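# Examining the three-dimensional arrangement
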Amino acid sequence: MSKPKVASDWLAGCAGCHMSLLDIDERILQVLELADLRATPITDLKHPDEDGVDVGILEGGINNTANEAVAKQMRSRCKYLVALGDCAVFGGVPAMRNFFTIEETLRRAYVETESTDDSGKIPDDPELCKPTNVRAVSEVVKVDLHVPGCPPDADVIFHVLAELAQGRIPEIKDEKLHWH
Amino acid sequence: MVTEKITIEPVTRIEGHAKITINMKEDGDVDHAYLHVNEFRGFEKFCEGRMVFEMPLITPRICGICPVSHHLAAAKAGDAVYGVTPPRPANLLRELMHMGQMIQSHGMHFFELAGPDLLLGFDADPAIRNVVGLVQAAPEITVKAVQLRKYGQEIIRLLGGRRVHPNFAVPGGVNKALSAADRDTILAGLDDAIATTQLGIQIIKEWAEKNAEDINKFAVFPTGYFGLIADDNALELFDGKIRLIDQFGTELERFEIKNYLDIIAEHVENWSYLKFPYYKKMGWPDGVYRVGPLGRLNIADKISTPLANEELKIFKQLNDGKPVENTLHYHYARLIETLYAAEQVRVLLDDADILSNQILNTKHNFQGEGVGVIEAPRGTLIHHYKARPSGQLEKVNLIVSTGHNNYAMSKSVDMVAKTYLNGQEIREGLLNRVEAAVRAHDPCLSCSTHAVGQMPMIVDIVDAQGKTIQTLRRD
Ligand code: SF4
């Protein structure tokens, strides 16, 4: 059997969940033995393989139109989708933005901040995506496994990767289910 | 006239998302290349109403690669708001945690993010041009690199309970003293960390010798340089005044961070969610400056630890004592700083106060407003808070490291696109060099888009009417 293909990406998160993944330290070599790492933020393939990957992992919630597109592409190209970390699971700290309107937060950042000069305006070039409400990944696409934590513990992430790479569905419960 | 546009999206092996668009002229030459930062997160707004003392736990969620920078900058801004000076041992411990972060972040960048370009080559097959390819090509070095990152992360964990998003600094000090056992654990790993960093320095020097031609034509340009400095002009990563020098090395300013609004301002461009800081007296864009490892070594005359200071002398010869302008020398500068951070770990651990339990000052003299600063791995990080007497925040302003380098990254992308793409048939390895122009700055796009978000980097080919003809993506 060929190695299962794994792809990952980050959305409205902080990269901390991917850092926690790297915190499995030397065990990364074991993961590389078991799985074929495809498009991820630390490899140079830009998108999950068109003919599909076995496991897709998303860090971060969805807070703009670009995130939506990435989540949908990942969903359509992976068999099994993991929402990694609190942001992906329920929006996390970035979802505090939902207490304000998008217009208010943009004005604060680009017009009102004390250091912004009189060129201040809300960027709206067509190359830029549009901010939206902050949502959990599962509010936009179907998620197969939720792994909570900010970030989830490296041991939990290793467990998830090792199980999936060996064709098993990981169980996140008991001592593996914690948020510290 | 612009006839075509190339889009590279996302830029990989950087923290966060970015997109590059390169507008091409009729004759096939580059008209202009843009770096778009493409997400907005809004921390500056949604922290309003939170308590000042919560900020060391909320703001690290801006960036999981350098959460310690936000953790400490927030605690320092909190010190200023509450008008409290942390006891000396607390500052030593905060600095120790910060050195752990420098080691892990710089180490990871050199070996795992930029390393594939340097060790495997800009033109290597993109399918293997990554850490997996490195494991195959140079397993021993890769394992050492993983251990170096682990070493830095463990310092953070021993102090703050966890590697990512630790809970340690509070306004007035820190919440836990260092045990003798933990001090010994950190000391035990230090020699290996130094050896691996020296190996990295050897690798980058050999690489620089072989690639002198690339280094000298790859985004070399004058700017000012900006960062913390010690009173005797030694490299400083933790605390001090800010020094700004011009392109020739002449000091323009030396100031306390609480006065930052008199010195710098931020410009907004419509095509990026990332703002552009500049030196007010010179105005936008003449007043642009660079931060991070290159900027810091350019403003420093010396380093207080011996091994790093020897390397700094060699670095200073690269441009006859004048500021080093080559973007690719960010890599060498980054490793010299890593060496300093490791040596500084020993200085801190040998300090007689390091195990003291005088770690928290609770005598407040509420000021209501305060600015905190630190040299994050990628450059100067500023947190500025205004609070009501209850401690609830009214206003939050953040200027992050990668922001200061926004102009430099955009300029580098444009220059490298022009240098390498003009008159050439466009191929992947050349586009990878355009990405490497961003990568050299080790941007922290989650950080820079705190207020802002991630930064997808794309290369599109657009015609004169603005219609996209071709989008180069590597899937
Ligand atoms: S869950 Fe926490 S660590 Fe993960 S991306 Fe969100 S803020 Fe960062």
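Residues numbered from 1 in each chain as written. Chains lettered and ligands numbered in written order. Predicted model: local features only at pLDDT ≥ 70, side-chain atom pairs only at ≥ 80, totals over all residues. Heavy atoms only, no water.

## Some details on the pattern of salt bridges
Counted under the stated rule, the structure contains 42 salt bridges over all chains. When the shortest N-O distance is used, the salt bridge between R38 of chain A and D36 of chain A registers 3.7 Å. Residue R88 of chain B pairs with D353 of chain B through a salt bridge whose shortest N-O separation is 2.8 Å. Within this pair, whereas R88 of chain B is found in helix α4 (residues 88-120), its partner D353 of chain B is found in the loop between α12 (330-349) and β12 (369-376), the two being separated by 265 residues in sequence. Using a relative accessible area of 46% as the deciding quantity, one classes R88 of chain B as partly exposed. Assessed through its relative accessible area of 28%, D353 of chain B is described here as partly exposed. Among the ionic contacts, a cluster of salt bridges with common partners joins D23 and D25 of chain A together with R149, E154, R157 and R163 of chain B. (Salt bridge = Lys/Arg side-chain N within 4 Å of Asp/Glu carboxyl O. Helix = DSSP H or I, 4+ residues; strand = E, 2+ residues; numbered from the N terminus. Buried < 20%, exposed > 50% of the residue type's maximum accessible area, 1.4 Å probe, protein only.)

## Points about the nonpolar core
If you look at the biggest cluster of nonpolar residues, it comprises 99 residues, and the most contacted ones within it are I22, L96 and V345 of chain B. In terms of domain composition, this core takes at least three residues from each of domain 1 (2-40 + 410-474) and domain 2 (65-404) of chain B. By size, the runner-up hydrophobic cluster in this structure holds 59 residues, among which are W10, L22 and V93 of chain A together with C47 of chain B. (Core = buried A, V, L, I, M, F, W, Y, C linked by side-chain atoms within 4.5 Å. Domains from an automatic or database assignment.)

## Observations regarding unusual backbone geometry
With an omega of -10 degrees, the peptide bond running from C150 of chain A to P151 of chain A counts as cis. Omega for the peptide link from W284 of chain B to P285 of chain B comes to 0 degrees, which places this bond in the cis form. By the secondary structure assignment, P285 of chain B is in the loop between β10 (276-279) and β11 (289-290). A positive phi angle is found at A15 of chain A, which is not glycine, with a value near 75 degrees.

## A word on the domain arrangement of chain B
Residue and element names in this part refer to chain B. As far as domains go, chain B holds domain 1 (2-40 + 410-474) and domain 2 (65-404). Computed from C-alpha atoms alone, the centre-to-centre distance between domain 1 and domain 2 is 26 Å. Counting from both sides, the interface comprises 36 residues of domain 1 and, opposite them, 34 residues of domain 2. For the pairing of domain 1 and domain 2, the buried interface totals around 3,100 Å² over both sides, and the portion due to carbon and sulfur atoms is 61%. The tally of links from domain 1 across to domain 2 stands at 2 salt bridges. (Contact = heavy atoms within 4.5 Å. Buried area = accessible area lost by both parts, 1.4 Å probe.)

## Points about the packing of helix α10 (residues 292-299) of chain B against α12 of chain B
All names here are of chain B. In the contact formed by α10 and α12, the axes pass within 8 Å of each other and the chain directions differ by 70 degrees. The orientation of α10 relative to α12 falls into the category roughly perpendicular. Judged by residue contacts, G292, P293, L294, R296 and L297 of α10 engage Y330, A333, R334, I336 and E337 from α12. Its residues assigned to classes, the contact of α10 with α12 shows 6 nonpolar, 1 polar and 3 charged. (Axes fitted to C-alpha atoms, helices over the stretch in contact; angles between N-to-C directions. Parallel < 35°, antiparallel > 145°, perpendicular 65-115°, else oblique. Nonpolar A, V, L, I, M, F, W, Y, C, P; charged D, E, K, R; others polar.)

## A look at the interface of chain B and chain A
Frequently, the measure chosen for interface size is the accessible area removed from exposure when the parts meet. Contacts between chain B and chain A engage 80 residues on the former and 61 residues on the latter. Carbon and sulfur atoms make up 56% of the surface buried where chain B meets chain A, a total of about 6,000 Å² over both sides. On the chain B side of the interface with chain A, the three residues burying the most area are F40, N270 and Y273 of chain B, jointly 13% of the side's total. The interface formed by chain B and chain A includes 5 salt bridges. Two residues, E48 of chain B and R108 of chain A, come together in a salt bridge whose shortest N-O distance is 3.8 Å. At the junction of chain B and chain A, the tally comes to 25 residue pairs in polar contact (both at pLDDT 80 or more). Among the elements that line the side of chain B that touches chain A, the one with the most residues is helix α6 (residues 139-160) of chain B, at 6 residues. (Polar contact = N/O pair within 3.5 Å; in protein donor to acceptor, adjacent residues only side chain to side chain.)

## Some details on the sheet that holds strand β7 (residues 145-147) of chain A
All names here are of chain A. Here 5 strands make up an open sheet; going across it, the order is β2-β1-β3-β5-β7 and the pairing parallel. Each edge of the open sheet is held by one strand with a lone partner, namely β2 (36-37) and β7. As paired strands, strand β3 (residues 53-59) and strand β5 (residues 78-84) are joined by 6 bridges and run parallel to one another. Within β5, the residue paired with V55 across the bridge is Y80. (Pairing = 2+ DSSP bridges.)

## Looking at the site of the ligand
Close to the ligand lie 13 residues; C14, C17, D86, C87 and C150 of chain A are nearest. The ligand sits at a junction of chains, with neighbouring residues supplied by chains A and B. Elements with a minimum of two residues in the shell around the ligand: α1 (16-22) and α4 (86-90) of chain A. (Near = heavy atom within 4 Å.)

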